[in-house]
Amino acid sequence: MLGSVLTLVFVLVFNFFLFRVVQTDPIGSLFRGRNVPQATIDNLRVAFGLDQPIGTQFLYYLRETAQLNFGISYQSRQPVWDEIVRAIPATLALVGISSVLSAVIGTLGGIVAAWRRNTWKDHSITSSTMVFYSMPDFWLGMILLVLFAVVLGWFPVGGITTAGSNETGLARLIDQAYHMFLPALTLTLAYLGEYTLVTRSSLLDVMGEDYLTVARAKGLRDVRVRNRHAVPNALLPVVTLTAINFGFVLSGAIAVEAVFSWPGLGKATADAIRGPDLPMLQALFLLFSAAVIVFNLIADITYSWLDPRVEEI
Amino acid sequence: MTSIAMQRRRATVSRVWAQFRSSRQGMIGLAVLLVFVAVALAAPLLADVRELNPVYARAQGNPQWGPPSVFPPLGTDYIRRSVWAQFVWGSRVSLFVGLAATVLTILIGSVVGIVAGFVGGKVDAVLMRVTEWFLVIPFLPLAIVLASVLGRNVWNIIFVIGITSWPSTARLVRAQVLTVKQRLFVDRARSLGAGGGHIVAHHILPNVSGLILANATLAVPISILTETTLSFLGLGDPTAASWGKTLEEAFVNGAMARNAWWYFLPAGLGILAVVLAFTLIGRTLEEIANPRLSRSR
């Protein structure tokens with residue numbers, strides 16, 4: 001708990017100094033080389049508190065951050081936080097659904113692979129997940145997009161709703177799900193591998209245990225031994241992995257969102273890099289870090305709750 | 001170094017090699033990797049570097065968006081450059097950045113891990129706290145922020161990857177150092193009057209080097225994939241086009257809407273092959289270093 005708070009403090013300090021290092025002249029970057037009277041610049045320096053010593057500036061930064069005031073986006077001229085809040089639901093929906101699907105399918109694949117180890121089933125599951133795991137996720141997205149959207153025309157090429165449509169309610173939801181299919185498929189395939197490999201090696205470890213021999217000696221059928229005795233004990237690392245991966249639910253799909261023009265935080269990041277839109281990047285980085293820290297804490301708590309041998313944190 | 005120690009080390013190397021040779025996945029990975037290293041080294045023989053220059057490509061009369069059937073072997077891009085030349089020369093950049101970033105990662109991670117594990121006490125506590133911080137900060141956003149702050153060139157990319165991915169190595173090395181430190185031969189060396197530097201160089205390092213090597217091999221895929229993603233997001237070096245940069249240019253210039261598959265398939269397949277090769281080699285080395293891990297029991 002204390003560790004998480006300390007980490008958050010570290011991220012705050014790091015974030016402050018990192019952007020001070022680059023942005024030697026924030027006022028100048030605001031006007032992008034246009035001619036501005038020196039008096040205006042001086043006024044702005046005072047208004048932004050840039051005439052203050054660095055310690056005072058840091059306090060300003062803490063106060064503004066606490067009020068979720070991250071400044072104005074260079075690109076859209078809107079408050080950064082408003083932009084971010086608008087982009088959160090799209091990312092949560094896309095990455096959330098993909099994370100759940102990949103966790104479930106990946107774990108099931110890992111169970112089958114371990115239980116039938118060294119058979120053709122194991123080999124095909126393990127090698128195909130390793131291939132998906134080894135390719136850049138956005139490249140997989142590019143291939144799926146060209147194949148299913150450009151060549152076959154089964155799915156839209158990008159965005160979250162059909163342009164110009166003003167459907168509401170259920171029709172709108174179906175339209176959005178239709179747009180989500182390809183990016184969600186991409187992310188699910190890209191995330192699968194980790195779950196399969198972790199589940200497989202964890203279950204293989206458990207399979208040597210004596211209590212499985214006991215369960216078999218009692219005459220239990222193979223399926224029951226697997227589902228009631230082996231799998232529950234092998235799932236602990238998978239639970240941790242799931243919790244940790246949920247920390248990346250906000251930041252996990254930067255390049256894939258860019259490929260599919262999915263209007264979420266990932267695409268906002270990709271767009272901010274092109275600027276570079278520094279206030280936007282700064283706020284996104286803070287948000288992404290906070291998400292990871294919170295979910296790591298949840299992972300720790302879940303872990304010690306599921307496995308009492310782990311000491312309370 | 002005494003000749004006995006040399007002999008033992010030579011014996012270890014040949015034993016590891018014998019084990020490695022008997023692993024099918026390891027040998028497949030090694031073969032694939034050697035092919036790509038050969039391509040990268042022989043780039044000047046395989047494709048004229050001038051093919052990368054759009055002015056030259058236009059003067060040669062190359063077609064725009066020419067598919068492989070029109071302009072063999074791999075077609076041309078939106079400014080008439082040969083895709084094959086980009087693939088061949090891109091392999092150099094991708095492999096170089098991947099390897100150099102890994103060297104930096106392993107260097108930082110090993111130094112932190114060895115110092116923390118060997119010195120112990122307060123130094124250990126502080127170093128591990130810092131390591132934990134870097135472990136928790138999301139890796140890709142941090143790399144993106146650092147890269148956009150530092151500017152677009154190859155050395156910055158290498159630095160960014162190195163500085164963001166060392167913590168897991170540091171943890172692993174520290175744990176191994178802690179167990180090696182307990183061994184009798186370290187006590188023996190110390191009682192014979194050996195200093196800290198000597199013990200680290202002659203007793204600790206040889207005993208953690210296997211682990212470091214396996215870890216390094218598994219770190220290369222992460223480095224290469226990170227470089228690819230950073231380049232794809234527009235943070236790559238404009239003067240040294242990697243495979244990731246090729247993918248970015250294909251994406252930005254509308255290769256997908258044109259179904260110009262020949263433009264973005266080769267670079268991605270190259271990344272996939274190299275990453276898979278390093279993963280296979282790394283897993284094999286890991287199994288040799290730690291037989292308990294063996295995945296195909």
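Predicted model, so just to flag it, every value in this text is computed and none were measured.

Caption draft 1: The overall build of chain A, seen in detail. Looking only at helices and strands, one finds 14 helices and zero strands in chain A. Listing each helix as α and each strand as β along chain A from the N terminus yields α-α-α-α-α-α-α-α-α-α-α-α-α-α. By principal-axis analysis of the C-alpha atoms, chain A measures approximately 90 × 55 × 35 Å. Scored against the burial criterion, the 313 residues of chain A give a buried share of 36%. Sequence separation of at least 24 residues holds for 72% of the intrachain contacts in chain A that already meet a minimum separation of 6.

Caption draft 2: Focus on the overall build of chain B. A count of helices and strands for chain B gives 13 helices and zero strands. In chain B, the succession of α and β elements from N to C terminus is α-α-α-α-α-α-α-α-α-α-α-α-α. In chain B, buried positions account for 45% of the 297 residues. Within chain B, contacts between residues separated by at least 24 positions form 72% of all contacts whose residues are at least 6 apart in sequence.

Caption draft 3: Focus on the interface of chain A and chain B. With 40 residues of chain A in contact, the opposing surface of chain B contributes 35 residues. Broken down by secondary-structure element, the contributors of at least two residues to the side of chain A that touches chain B are α1 (2–22), α6 (120–134), α7 (137–151), α8 (169–206), α12 (254–259), α13 (265–274) and α14 (278–306) of chain A. The element that contributes the greatest number of residues to the side of chain A that touches chain B is α14(A), accounting for eight residues. Looking at the side of chain A that touches chain B, its residues break down into 30 nonpolar, nine polar and one charged.

Caption draft 4: Layout of the packing of helix α5 (residues 83–119) of chain B against helix α9 (residues 167–181) of chain B. All names here are of chain B. At a closest axis distance of 7 Å, the pairing of α5 and α9 adopts a crossing angle of 40°. For the pair α5 and α9, the crossing hand works out as right-handed. Note on element contacts: α9 touches α5 through T169, A170, R171, L172, V173, R174, V177, L178 and K181, opposite T105, I106, G109, S110, V112, G113, I114, A116, G117 and F118. Along the lines of polarity and charge, the residues of the contact of α5 with α9 split into ten nonpolar, six polar and three charged.

Caption draft 5: Seen up close, the nonpolar core. In terms of nonpolar packing, the biggest core is built from 130 residues, with M142(A), V259(A), L284(A), A143(B), I144(B), L233(B) and F264(B) touching the most fellow members. Counting residues per element, this core draws most heavily on helix α13 (residues 261–289) of chain B, at 16 residues. Counting ten residues, the second-largest nonpolar core is a separate cluster that includes I111(A), A114(A), W115(A) and I125(A).

Caption draft 6: Spatial organisation of α7(A). An ideal rise of 1.5 Å per residue puts 21 Å on 15 residues; α7(A) measures up with 20 Å between its terminal C-alpha atoms. For α7(A), the principal kink sits at L145(A) and spans about 30°. Looking at α7(A), one finds that the buried residues are D137(A), F138(A), W139(A), L140(A), G141(A), M142(A), L145(A) and V146(A). Buried residues belonging to α7(A) abut α8 and α12 of chain A together with α11 (196–235), α12 (243–252) and α13 of chain B.

Caption draft 7: Seen up close, the domain arrangement of chain A. All names here are of chain A. If you check the domain split of chain A, you get domain 1 (2–66) and domain 2 (87–312). Listed by partner, the interface residues are seven residues for domain 1 and nine residues for domain 2. Per-class residue counts for the side of domain 1 that touches domain 2 are three nonpolar, four polar and no charged.

Caption draft 8: How the structure looks around the packing of helix α2 (residues 24–41) of chain B against α5(B). All names here are of chain B. Interhelical geometry of α2 versus α5 gives an angle of 110° and a closest axis separation of 8 Å. Taken together, the axis directions place α2 and α5 in an arrangement best described as roughly perpendicular. Helix-helix and strand crossings are classified by hand; for α2 and α5 the assignment is left-handed. Contacts between α2 and α5 pair F36, V37, V39 and A40 from the former with V88, S91, R92 and L95 from the latter. Taken together, the residues of the contact of α2 with α5 sort by class into six nonpolar, one polar and one charged.

Caption draft 9: Unusual backbone geometry, seen in detail. In this structure, the amide linkage connecting P72(B) to the following residue, P73(B), adopts the cis form with an omega of 0°. Mapped onto the elements of the fold, P73(B) is located in the loop between α4 (54–59) and α5. Positive phi, close to 60°, is recorded for L68(A), a residue that is not glycine. Within the secondary structure, L68(A) sits in the loop between α4 (54–66) and α5 (80–115).

Caption draft 10: Quick peek at helix α3 (residues 38–47) of chain A. The buried fraction of α3(A) is low, at zero of ten residues. The positive-phi residue at the C-terminal boundary of α3(A) is G49(A), with phi of around 75°.

Caption draft 11: Here's a closer look at the environment of T161(A). Residue and element names in this part refer to chain A. Along the chain, T161 falls in the loop between α7 and α8. What makes T161 partly exposed here is the crowd of 15 C-beta atoms within 10 Å. Those residues in contact with T161, other than ones at most four positions away along the chain, are R172, D175, Q176 and H179.

Caption draft 12: Summary view of the confidence of the model for chain B. Residues and elements named next belong to chain B. Chain-level statistics for chain B give a pLDDT mean of 89 and a share of 97% at 70 or above. Here helix α7 (residues 139–150) stands out as the least confident element of chain B, with mean pLDDT 83; α2 is the most confident, with 95. The ipTM, which scores confidence in the relative placement of chains, is 0.89 for this predicted complex, and the corresponding pTM is 0.88.

Caption draft 13: Representation of the environment of V177(B). All names here are of chain B. Its place among the elements puts V177 in helix α9. Overall, the presence of 24 C-beta atoms within 10 Å leaves V177 in the buried class. As a C-alpha pair, V177 and L34 span 143 residues in sequence and 32 Å in three-dimensional space. Sequence-distant contacts of V177, defined by excluding residues within four places in its chain, comprise G113, I114, G117, F118, I204 and V208.

Thresholds applied
- Residues numbered from 1 in each chain as written.
- Chains lettered and ligands numbered in written order.
- Predicted model: local features only at pLDDT ≥ 70, side-chain atom pairs only at ≥ 80, totals over all residues.
- Helix = DSSP H or I, 4+ residues; strand = E, 2+ residues; numbered from the N terminus.
- Buried ≥ 20, exposed ≤ 12 C-beta atoms within 10 Å, placed from the backbone.
- Contact = placed C-beta atoms within 7 Å.
- Nonpolar A, V, L, I, M, F, W, Y, C, P; charged D, E, K, R; others polar.
- Axes fitted to C-alpha atoms, helices over the stretch in contact; angles between N-to-C directions.
- Left-handed = near helix turned anticlockwise from the far one by under 90°.
- Core = buried A, V, L, I, M, F, W, Y, C linked by C-beta atoms within 7 Å.
- Expected span 1.5 Å × (residues − 1).
- Bend = angle between axes of the 7 residues up to and from the residue.
- Domains from an automatic or database assignment.
- Parallel < 35°, antiparallel > 145°, perpendicular 65-115°, else oblique.
- pLDDT = per-residue confidence, 0-100.

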